[in-house]
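# Examination of the molecular architecture
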Amino acid sequence: MIGMLVSDGRLRLNETAPVPAWQRPGDPRGEITLRHLLQMRSGLREEPGDEARMLFGAGRDDMAGAAEDQPLAAEPGARFQDDAASGIILADLAARVLAPTGDAEARRRAVADYLRTRLFEPVQMRGVVPSYDAHGTMNGGAMIDATARDMVRFGEFLRNRGAVHGAQLVPRQWIDFMASPSPREKQYGAGIWLNRKPTEGEPRLFPSAARAISWPRWAMAARPCSFRPRASWWWCAWA
């Protein structure tokens, strides 16, 4: 979705992410770009328990507000940190562009319609059910339900570099960007995990059985159905 909005000219990859709270004079978060968020290099603080509070606790009614309120813990772009906040902030930016009035129902409807007409229907992903908070922000970091068939179709869509039956839904250059390793973590691209050796630590895509995780991951390779779900629901920052 973000790639489509960038292609439409409604968001800018290398410019300051248009989060109002970050635009105040002297706020160092104003250096965070869309690219940083897509590559999980925002530098925003995330301490143990922050994600659970954002998704299920005090921040659950306005997840983006909770994520965007976090201070910097590192210079934007300087380090990689796996988080759900980046995807939620990206979903909020999409809603701000598609429904500028800020009404919760308008935000939810605008994002749902955009995804349905621009992605789900053309790719024939009929079983996808995104979740939204009370502020109308899609949970872009988790809790998007889909069938296994939907996942395979999405994987084929990416493997075919954003094309479906000859129609180019997303620029090929954007798919290439998604599949290019983040400067701070080789096993992560832009909104998607890659089947690559990690910069440090253990692989997150296919962890050892002793450290199996419940989050689904997509592997990028050059074979059909190469994006393989690891669970009955999926996670992907809607790049």
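Before reading further, recall that the structure is shown in the block above.
These numbers were taken from a predicted model, which means no experiment stands behind them. (Residues numbered from 1 in each chain as written. Predicted model: local features only at pLDDT ≥ 70, side-chain atom pairs only at ≥ 80, totals over all residues. Heavy atoms only, no water.)

### Some details on the overall build of the protein chain
- Within the protein chain one finds eight helices and four strands.
- Mapped from its N terminus to its C terminus, the protein chain presents α and β elements in the order α-α-α-α-α-α-β-α-β-β-α-β.
- Taking contacts inside the protein chain between residues at least 6 apart in sequence as the whole, the part at least 24 apart equals 61%. (Helix = DSSP H or I, 4+ residues; strand = E, 2+ residues; numbered from the N terminus. Contact = heavy atoms within 4.5 Å.)

### Focus on the environment of aspartate 133
- Mapping aspartate 133 onto the fold places it in the loop between helix 6 (104-123) and strand 1 (144-145).
- We classify aspartate 133 as buried; its relative accessible area is 9%.
- Spatially, the C-alpha atoms of aspartate 133 and glycine 59 are 9.5 Å apart, while their sequence positions differ by 74 residues.
- Filtering out sequence-adjacent residues up to four positions away, aspartate 133 remains in contact with Arg60, Asp61, Asp62, Met63 and Ala64.
- Polar side-chain contacts of aspartate 133 include one of 2.9 Å to the backbone nitrogen of methionine 63.
- From its side chain, aspartate 133 meets the backbone nitrogen of threonine 137 in a polar contact 2.9 Å long. (Buried < 20%, exposed > 50% of the residue type's maximum accessible area, 1.4 Å probe, protein only. Polar contact = N/O pair within 3.5 Å; in protein donor to acceptor, adjacent residues only side chain to side chain.)

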